[in-house]
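Each chain, letter by letter, is given below.
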Amino acid sequence: MRIAITGAERAIGALLAKDLARDHDVREITPAQLETRTAAEAALGPDGGAPLEAIVHAYAPEAAYAGGILSEMSDEEWDGRCEAVLRATIHTLQAARTVMPGGVVVVVLPNIGLAGQKGFGAYSAACEAQRCLVKACARAWGRKGFRLHSIAASPLLFEGDLARDGEAVSALLRASLPTRDAAQLGQDLIDAARFLLSDKAAGLTGSTLSVDAGRWMPL
Amino acid sequence: MTGINCEGRTVLLTGAGSGLGRSLAHALAEAGAEILATVRRPETGVEVCEEIQAKGGRASWLACDVRRREEVDAAVAAAVERMGRLDVVIHNATTPLSSHQATLEKLDDEFWDEIVSTNLRAAFWFARAAYPHLKAAGQGSLVLLTSGAGVEGVPALAEYGASKAGVRALAKSLAQEWGPDQIVVNCVSPAAMTVAYERVMEQDPSWADHIRRTVPLGRVGDPLEDVAPAVVFLASPAARYITGQTLVVTGGRTMLL
């Protein structure tokens, strides 16, 4: 399968890129290539070969992983933690629809949008907005051959303050499954992504898979 | 026992000049609140305040473009100056583009900025500006209007839905951050016959039949009779132990949890 991965330069995206490259043709998309729709279309378009069949969108600006109390946040911090995240996702989705004949899009994000997260309100708003974009596009593009999903993952899998805060939150919450470390959660994420990318998920679209040892059980 | 009224509460209400907002202004005033109504068009501010005052209510208005931070900050400052304190902020204002239907790939960055600035960024700005005053009030409340499009994902309202989904998550995070200050933060997700809804019905006459088939109560809600009471409740002291929630007022069309 020909798969594009955003956010492959670090952390969770790098994890996915490395694993999927074992048996798929992986194309890594840089942050700069998501800054405009035009750039995203050029990056995701056919590169002389066959078109892409899937996108794993794991990118968020590094600023998003920094904590910040909303009542003290500057406009620039808000943009970096929320709106810049959304712009990149919108450009990715728009480009996918324009340059791909169909395929699967999996958006990977922390689960903080499901229940909000103190200190990460701006990024949690972006996460929930992304989940809604996935659902709306899943409904709009299903008959055009597209399936879209979200993976809402444990904050432990991300970076910066978000991952450190994830440690503290994990200590407070009781997981439904025995506590899993970051390496185990990482494998859980890879397995979930592989499932959603595969034909085994042909009947699913618009779904959210929680990969967090059962901490949050959304609807 | 705490009553479900807003007697003595001071409220900043955005988008009060028309549609659902106008109904909210009337309902809050009838429940005893003093209101600063922000509007886009001054004439609507004059009208709604005269209507409220004619019934013995207390209201003033202010023109405010919620896409501009300085006007948001000025609205909060004006509310505190005119009413002496600020107990409740209700962000209802949106853009006419919110009802513009098109799938994501047909939209441009300017459209997205219009949507996100009025629905999500403005919610952040109002929250940030109002926080110290809501904290000082002692039993503050922030109510954010969201949408079912932000829960279910609607094909032709992807960006609008995304902005409203962001509002819900913002509310949950704020609820956690402001809880120690006894400020509650909640959302209302309504389905009401507003101007935008009427526009949708005109564009697609089959929508009325769709409503009858998919809404258990078989009708679109009335802004004043069906939706406003929910907002009044969340703005009142009766809701002081409810925070981080979304009250879905859609006649049963959306059933969460």
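Just so it is clear, the model here is predicted, and its values are computed rather than measured. (Residues numbered from 1 in each chain as written. Chains lettered and ligands numbered in written order. Predicted model: local features only at pLDDT ≥ 70, side-chain atom pairs only at ≥ 80, totals over all residues. Heavy atoms only, no water.)

Right, let's get into the overall build of chain A. When its secondary structure is counted, chain A shows 7 helices and 6 strands. In sequence order, chain A lays out its α and β elements as β-α-β-α-β-α-β-α-α-β-α-α-β. Taking 17 Å as the expected radius of gyration for a compact globule of 219 residues, we find that chain A reaches 16 Å, a close match to that expectation. The principal-axis extents of the C-alpha atoms in chain A amount to approximately 50 × 40 × 30 Å. A total of 219 residues make up chain A; the buried ones form 58% of that total. In chain A, the proportion of contacts linking residues at least 24 apart, taken out of those at least 6 apart, comes to 73%. Carbon together with sulfur atoms contributes 52% to the accessible area of chain A, which is approximately 8700 Å² in total. For chain A, the distance from the average site of its 22 positive side-chain charges to the average site of its 26 negative ones is 8 Å. (Helix = DSSP H or I, 4+ residues; strand = E, 2+ residues; numbered from the N terminus. Rg over C-alpha atoms; globule rule 2.2 N^0.38 Å. Buried < 20%, exposed > 50% of the residue type's maximum accessible area, 1.4 Å probe, protein only. Contact = heavy atoms within 4.5 Å. Areas by Shrake-Rupley, 256 points an atom, 1.4 Å probe, with all protein chains shown as cover. Lys, Arg positive; Asp, Glu negative; His and termini not counted. Charge placed at Lys NZ, Arg CZ, Asp CG, Glu CD.)

Let's shift gears to the overall build of chain B. When its secondary structure is counted, chain B shows 9 helices and 7 strands. Taken against the 2.2 N^0.38 rule, which gives 18 Å for 257 residues, the C-alpha radius of gyration of chain B at 17 Å falls within 12% of a compact globule. Viewed in the frame of its principal axes, chain B has a C-alpha envelope of about 50 × 40 × 35 Å. A buried classification covers 58% of the 257 residues belonging to chain B. Total accessible area computed for chain B in this model is approximately 10400 Å², and 52% of it derives from carbon and sulfur atoms.

Let us look at the interface of chain B and chain A. Taken together, the contacts link 39 residues of chain B with 40 residues of chain A. Summing the contributions of chain B and of chain A, the shared interface buries around 3100 Å²; its carbon and sulfur component is 60%. Where chain B meets chain A, there are 23 residue pairs in polar contact (both at pLDDT 80 or more). Contributions of two or more residues to the side of chain B that touches chain A are made by α4 (109–137), α5 (149–153) and α6 (158–178) of chain B. Per-element accounting of the side of chain B that touches chain A gives the leading share, 15 residues, to α6 of chain B. Here the residues of the side of chain B that touches chain A are counted per class, giving 21 nonpolar, 7 polar and 11 charged. (Buried area = accessible area lost by both parts, 1.4 Å probe. Polar contact = N/O pair within 3.5 Å; in protein donor to acceptor, adjacent residues only side chain to side chain. Nonpolar A, V, L, I, M, F, W, Y, C, P; charged D, E, K, R; others polar.)

The next point concerns the pattern of salt bridges. Summed over the entire model, instances satisfying the criterion amount to 30 salt bridges over all chains. In this structure, Arg 85 of chain B and Asp 87 of chain B form a salt bridge, with 3.0 Å as the shortest nitrogen-oxygen distance. Through salt bridges with shared partners, a single ionic network connects Asp 19, Arg 22, Asp 23 and Arg 194 of chain A. (Salt bridge = Lys/Arg side-chain N within 4 Å of Asp/Glu carboxyl O.)

This next bit is on the packing of aromatic side chains. This structure, assessed with the given rule, holds 5 aromatic pairs over all chains. Members of the aromatic cluster, connected to one another through ring pairs, are Tyr 65, Tyr 123 and Phe 158 of chain A. (Phe/Tyr/Trp six-rings, centres within 6.5 Å; stacked < 30°, edge-to-face > 60°.)

Turning to the environment of Ser 210 of chain A, a few remarks are in order. Counting through the fold element by element, Ser 210 of chain A comes out in strand β6 (residues 207–211). Separated by 203 residues in the primary sequence, Ser 210 of chain A and Gly 7 of chain A have C-alpha atoms spaced 20 Å apart.

A separate point is the packing of helix α1 (residues 19–30) of chain B against helix α2 (residues 42–54) of chain B. Residue and element names in this part refer to chain B. One can describe the packing of α1 onto α2 by two numbers: an axis separation of 10 Å at closest approach and a directional angle of 30°. Looking at the two axes, α1 sits roughly parallel to α2. As for the relative orientation of α1 and α2, their crossing is right-handed in sense. Counted together, Arg 22, Ala 25, His 26 and Ala 29 of α1 and Thr 44, Glu 47, Val 48, Glu 51 and Ile 52 of α2 form the full contact between these two elements. When the residues that make up the contact of α1 with α2 are grouped by side-chain class, the tally is 4 nonpolar, 2 polar and 3 charged. (Axes fitted to C-alpha atoms, helices over the stretch in contact; angles between N-to-C directions. Parallel < 35°, antiparallel > 145°, perpendicular 65-115°, else oblique. Left-handed = near helix turned anticlockwise from the far one by under 90°.)

The next thing to look at is unusual backbone geometry. With phi around 40°, Ala 11 of chain A is a residue other than glycine that occupies positive phi space. Positionally, Ala 11 of chain A belongs in helix α1 (residues 11–20). The partly exposed category is assigned to Ala 11 of chain A, whose relative accessible area is 37%. Despite not being glycine, Gln 182 of chain B shows a phi value in the positive range, around 60°.

Below, the discussion takes up the sheet that holds strand β1 (residues 10–13) of chain B. Residues and elements named next belong to chain B. With parallel pairing, the 7 strands of this open sheet are ordered in space as β3-β2-β1-β4-β5-β6-β7. Of all strands in the sheet, those with a lone pairing partner are β3 (58–63) and β7 (246–249), marking the two edges. Here the average twist between neighbouring strands, direction ignored, is 20°. Against the sheet, helix α3 (residues 69–83) contacts β1, β2 (34–39) and β3, and its axis sits at roughly 155° relative to β2. (Pairing = 2+ DSSP bridges.)

Core analysis: the biggest nonpolar cluster contains 116 residues, and Tyr 123 of chain A together with Leu 86 of chain B have the highest contact counts within it. When residues no more than four places from it in sequence are discounted, the contact partners of Leu 86 of chain B are Thr 10, Val 11, Leu 12, Val 76, Ala 79, Val 80, Ala 130, His 133, Leu 134 and Ala 137 of chain B. Core analysis: the second largest hydrophobic core is formed by 34 residues, Ala 27, Val 48, Cys 49 and Ala 228 of chain B among them. (Core = buried A, V, L, I, M, F, W, Y, C linked by side-chain atoms within 4.5 Å.)

What follows is about the sheet that holds strand β5 (residues 146–153) of chain A. Residue and element names in this part refer to chain A. A sheet is described by the order of its strands in space; here 6 strands give the open sequence β2-β1-β3-β4-β5-β6, paired in parallel fashion. The open sheet is flanked by β2 (25–29) and β6, the only strands paired with a single partner. With direction set aside, neighbouring strand axes in the sheet form an average angle of 20°. Pairing analysis gives 5 bridges linking β5 to β6, with the strands arranged parallel. Paired with Ile 151 across the bridge in β6 is Leu 209. Contacts from α1 reach β1 (2–6), β2, β3 (54–57) and β4 (103–110), with the element oriented near 165° to β1.

Honestly, that's just the spatial picture; any functional story needs more than this.
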